[in-house]
Amino acid sequence: MASTWLRRAALFLGALLFLFPFYYMVVGSLQKNPDTSLAGAFPTGGLTFANYAAINSRVDLLGSLVNSGIFTGGVLLGTVVFGVLAGYALARLHFRGQGTLFATMLLVQIVPFQLLIIPIYVMIVRYYGLADSYLGMILPFAINSTAVFIFRQFFLQLPEELFSAARLDGAGELRILWSVALPLAKPALLTAALLTFIGPWNEFLWPFLVTKDAGMQPLAVSLANYINTMAGRAANPFGAILAGAVVLAAPAVALFVAFQKHFTASDLGSGVKG
Amino acid sequence: MTSTTTPPRAEPAAPAPAPARSRSRLAALLGRQPVGILFAAPYAVFLAAIFAYPLVLAVWISFHDYFFAAPGAQVDRPFVGLENYRTVLSDPDVRQSFVNVAEFLVINVPLTVLLSLLLATALNKAIRGRTFLRVAYYVPYVTASVALVSVWLFLFGQAGMVNQVLGGLAPDPSWLVNSTLAMPVIAIFVTWKQMGFFVLLYLAALQNVPKELYESSQVDGAGRFASFRNVTVPGVRPATTLVVILATITGANLFTEPYLLTSGGGPDGSSASPVLVMYQKGIEQGNPDVAAAIGVLLVIGVLAISLVNRKLLEKD
């Protein structure tokens, strides 16, 4: 049918438009001299890794990547350990304060973190002196509320008999969570971990505020500082910037492409529909 | 939303053995499974420390003459009433930033709702290459703003590819240094970056629209556009409320794009966002009290928009 064809063509054209900046990022990072003409986007030769060496001489790429990794790893660990416990308790246990906790969890999702940046900065940097430390970076993100929500919704869907049977056998709640619920929760864990990963890995404002020491900065912050301050002085600033952008984007994109089938409506849908 | 709180088990009418009675009294106090309190405690402490307390602190700071002092120093921070709010509301930079974010929302929110619903409807059908399409439309969402801004700087710069292609039609001054175009470019950037997430929300919502409704609308002789308007749009209305609220929150959070893409909200503050002004006033210029007042106003604004949205979109 003509209209189906038209729709498919439009969809694929739109997809190429969405992807073009990614393609351009890679091509630009490999060109010695930037060529901004339309033909320059499709170079026939002369590609080089020189820009990667250039950005690495200005920004400690490996060190920044390690900082990004520690920041993200800390958040993932906190979310998986404490988030699963909280999600399980919210879904499967009955205790005082449950309703309040659930309501607060929902409220957190609509009060933007950025708007609390001043008091959190006052607390973390001024009260506790955690500037330029991994702990200071991790704390405000330590447990991802969206992930807690996904865990809760997942545990809620499991049949009650599973839990009552285990309880009749005399298993404690921790044991039930570990040997009954968690083995079933792998898809939810993966979805929540993916969603949690992109938060701190891509976050700019908070680590930018807490880290003044370049040796502590995650890649997003050191790259942004390079864009802002040093770009004017470099011979081919865009080549080097785009090389840094590729390094920053690659891990998140690779993880997403590898696990994209877990990033679907049905996996998240349970979390979204509530 | 399924409620998980159930009332504690009713006390047995007949006198129960002593351990059972004390157990049910404990249950009345702590709930049926008190161990849940232990499980949830780390998260509850986290929410109290990183959400509830800062929220209160923000309001407190905004009503006091607050400044940064050396750790441990005893300083006097007198109550100043609405002084900080007066400062904020009479400050042209702050007013400009609120106008800017309104302009951002006017462009970004309708575009986001329309495009993500259309894309989700199209992607919901079984078509070849669906995995490729999904990846293509989601991938900007999972990528760091800082990385994407780098490419846009390159694309939309004075000598960038967009201007090269446009030739004589290129705007002067160029996109990012043009006070009329800077904010729209940021709004388009964010629409593109966030689209994948909203497509995902709509795809989830579309699973809940009963297939029979489409069939009966086809029986009634409705065309594709009519059934989109009469079945799809009303069917996903709760999701639309959510999308509008979340897109508004994203807009209220805007920082990285004006900071990097238009080098600090330029030209002349025409693309400055409230969070950027908060950063400049609070951290750079050392007036956390004024910045906290901006934050409180924004929270109120976001909550008000969310409530109005729910009322408007869920009225029938």
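Residues numbered from 1 in each chain as written. Chains lettered and ligands numbered in written order. Predicted model: local features only at pLDDT ≥ 70, side-chain atom pairs only at ≥ 80, totals over all residues.

### Here we look at the overall build of chain B
The criterion, for reference: Secondary structure elements follow DSSP: runs of H or I of four or more residues count as helices, runs of E of two or more count as strands, with numbering from the N terminus. As defined in this context, the radius of gyration uses C-alpha atoms, and a globule is described by 2.2 Å times the residue total to the power 0.38. Any residue surrounded by 20 or more other C-beta atoms within 10 Å of its C-beta is treated as buried, while 12 or fewer makes it exposed and the intermediate range makes it partly exposed; C-beta atoms here are placed from the backbone. Note on contacts: each residue gets a C-beta atom placed from the backbone, and two residues are in contact if those atoms are within 7 Å.
Helix and strand counts for chain B come out as 14 helices and 0 strands. Along chain B, from the amino end to the carboxyl end, the secondary structure elements read α-α-α-α-α-α-α-α-α-α-α-α-α-α. Against the globule reference of 20 Å for 316 residues, chain B gives a C-alpha radius of gyration of 26 Å, more extended than a compact globule. Each of the 316 residues in chain B was classed as buried or not, and the buried ones make up 41%. At a minimum sequence separation of 6, the contacts of chain B that also span at least 24 residues come to 68%.

### What to know about the overall build of chain A
A tally of regular secondary structure across chain A gives 14 helices and 0 strands. When the helices and strands of chain A are placed in sequence order, the string is α-α-α-α-α-α-α-α-α-α-α-α-α-α. Its C-alpha atoms put chain A at 70 × 65 × 30 Å along the principal axes. A burial count over chain A gives 47% of its 274 residues as buried.

### Some remarks on the environment of B:Gly157
Residues and elements named next belong to chain B. By the secondary structure assignment, Gly-157 is in the loop between helix H6 (145–156) and helix H7 (161–166). For Gly-157, a count of 18 C-beta atoms within 10 Å translates into the label partly exposed. For the pair Gly-157 and Val-56, spaced 101 residues apart in sequence, the C-alpha separation works out to 43 Å.

### A look at the interface of chain B and chain A
The cut-off we apply is this: Three categories are distinguished: nonpolar for Ala, Val, Leu, Ile, Met, Phe, Trp, Tyr, Cys and Pro, charged for Asp, Glu, Lys and Arg, and polar for the others, with Gly belonging to the last.
Opposite the 82 residues of chain B that make contact, chain A presents 85 residues. The element contributing the most residues to the side of chain B that touches chain A is helix H2 (residues 35–62) of chain B, with 17 residues. Here the side of chain B that touches chain A is composed, by residue class, of 62 nonpolar, 18 polar and 2 charged.

### Thoughts on helix H14 (residues 288–313) of chain B
Our working rule: By this rule, a helix spans an expected 1.5 Å times one less than how many residues it contains.
Relative to the 38 Å expected for 26 residues at 1.5 Å per residue, H14(B) spans 37 Å between its end C-alpha atoms, a close match to the ideal helical length. If you check which residues of H14(B) are buried, you get B:Pro288, B:Asp289, B:Val290, B:Ala291, B:Ala292, B:Ala293, B:Ile294, B:Gly295, B:Val296, B:Leu298 and B:Val302. In this fold, the buried residues of H14(B) make contact with helix H5 (117–127) of chain A together with H2, helix H3 (83–90), helix H4 (92–124), helix H11 (237–252) and helix H13 (274–284) of chain B.

### Digging into unusual backbone geometry
Residue and element names in this part refer to chain B. In the segment running from Asp-172 into Pro-173, the intervening peptide bond is cis, with an omega of -5°. Mapped onto the secondary structure, Pro-173 falls in the loop between H7 and helix H8 (182–206). Phi is positive for Ser-263, close to 35°, though the residue is something other than glycine. The topology assignment puts Ser-263 in the loop between helix H12 (256–261) and H13. Residue Ser-263 is classed as partly exposed on the basis of its C-beta count, with 16 C-beta atoms lying within 10 Å. Positive phi values are uncommon outside glycine, yet Asp-268 reaches one of about 55°. Note that Asp-268 resides in the loop between H12 and H13. Judged by the 11 C-beta atoms lying within 10 Å of it, Asp-268 falls in the exposed class.

### Some details on the packing of H3(B) against H14(B)
Residues and elements named next belong to chain B. How we decide: In this description, a line fitted to the C-alpha atoms serves as the axis of each element, helices being fitted only across the stretch in contact, and the angle between N-to-C directions of two axes falls anywhere from 0 to 180 degrees. Working definition: roughly parallel below 35 degrees, roughly antiparallel above 145 degrees, roughly perpendicular at 65 to 115 degrees, and oblique for all remaining angles.
For the pair H3 and H14, interaxial distance at closest approach is 9 Å and the crossing angle is 75°. When the axes of H3 and H14 are compared, the pair comes out roughly perpendicular. Here Asn-84, Tyr-85, Thr-87 and Val-88 of H3 lie close against H14, whose contacting residues are Asp-289, Val-290, Ala-293, Ile-294 and Leu-297. Within the contact of H3 with H14, the residues separate by chemical class into 6 nonpolar, 2 polar and 1 charged.

### A few points about the confidence of the model for chain A
Any segment with low pLDDT has predicted coordinates that should not be analysed in fine detail. We apply this condition: The score called pLDDT rates the predictor's confidence residue by residue, from a low of 0 to a high of 100.
In this model, chain A carries an average pLDDT of 88, and 93% of its residues clear a pLDDT of 70 or more. Every residue in residues 269–274 of chain A scores below 50 in pLDDT, and together they form 12 contacts with partners more than four places removed in sequence or on other chains.

### Quick look at the confidence of the model for chain B
Residues and elements named next belong to chain B. With 91% of its residues at a pLDDT of at least 70, chain B reaches an overall mean of 86. Across residues 1–17, confidence stays below pLDDT 50; counting only partners more than four residues off in sequence or on other chains, it has 18 contacts. Across the interfaces of the predicted complex, the ipTM metric reaches 0.90, alongside a pTM of 0.89.

### Structural notes on the packing of helix H9 (residues 211–219) of chain B against helix H10 (residues 224–235) of chain B
All names here are of chain B. We apply this condition: The crossing is said to be left-handed when, going from far helix to near helix, the turn is anticlockwise and less than a right angle, and right-handed when the turn is clockwise.
The geometry of H9 relative to H10 is characterised by a closest axis approach of 10 Å and an angle of 155° between their N-to-C directions. When the axes of H9 and H10 are compared, the pair comes out roughly antiparallel. The hand of the H9/H10 crossing is right-handed. Across the interface between the two elements, Leu-213, Tyr-214, Ser-217 and Gln-218 of H9 pack against Ala-226, Ser-227, Asn-230, Val-231 and Gly-235 of H10.

### Examining the environment of A:Ala188
Residue and element names in this part refer to chain A. Within the element layout of this structure, Ala-188 appears in helix H10 (residues 186–202). Here Ala-188 falls in the buried class, since 26 other C-beta atoms lie within 10 Å of it. Between the C-alpha atom of Ala-188 and that of Glu-203, which follows or precedes it by 15 residues, the distance is 23 Å. Dropping the residues within four chain positions of it, Ala-188 is found in contact with Ile-150, Phe-151 and Phe-154.

### Observations regarding the environment of A:Leu116
Within the secondary structure layout, A:Leu116 lies in the loop between helix H4 (98–108) and H5. Among residues more than four places away in sequence, those in contact with A:Leu116 are B:Pro54, B:Leu55, B:Ala58 and B:Gly295.

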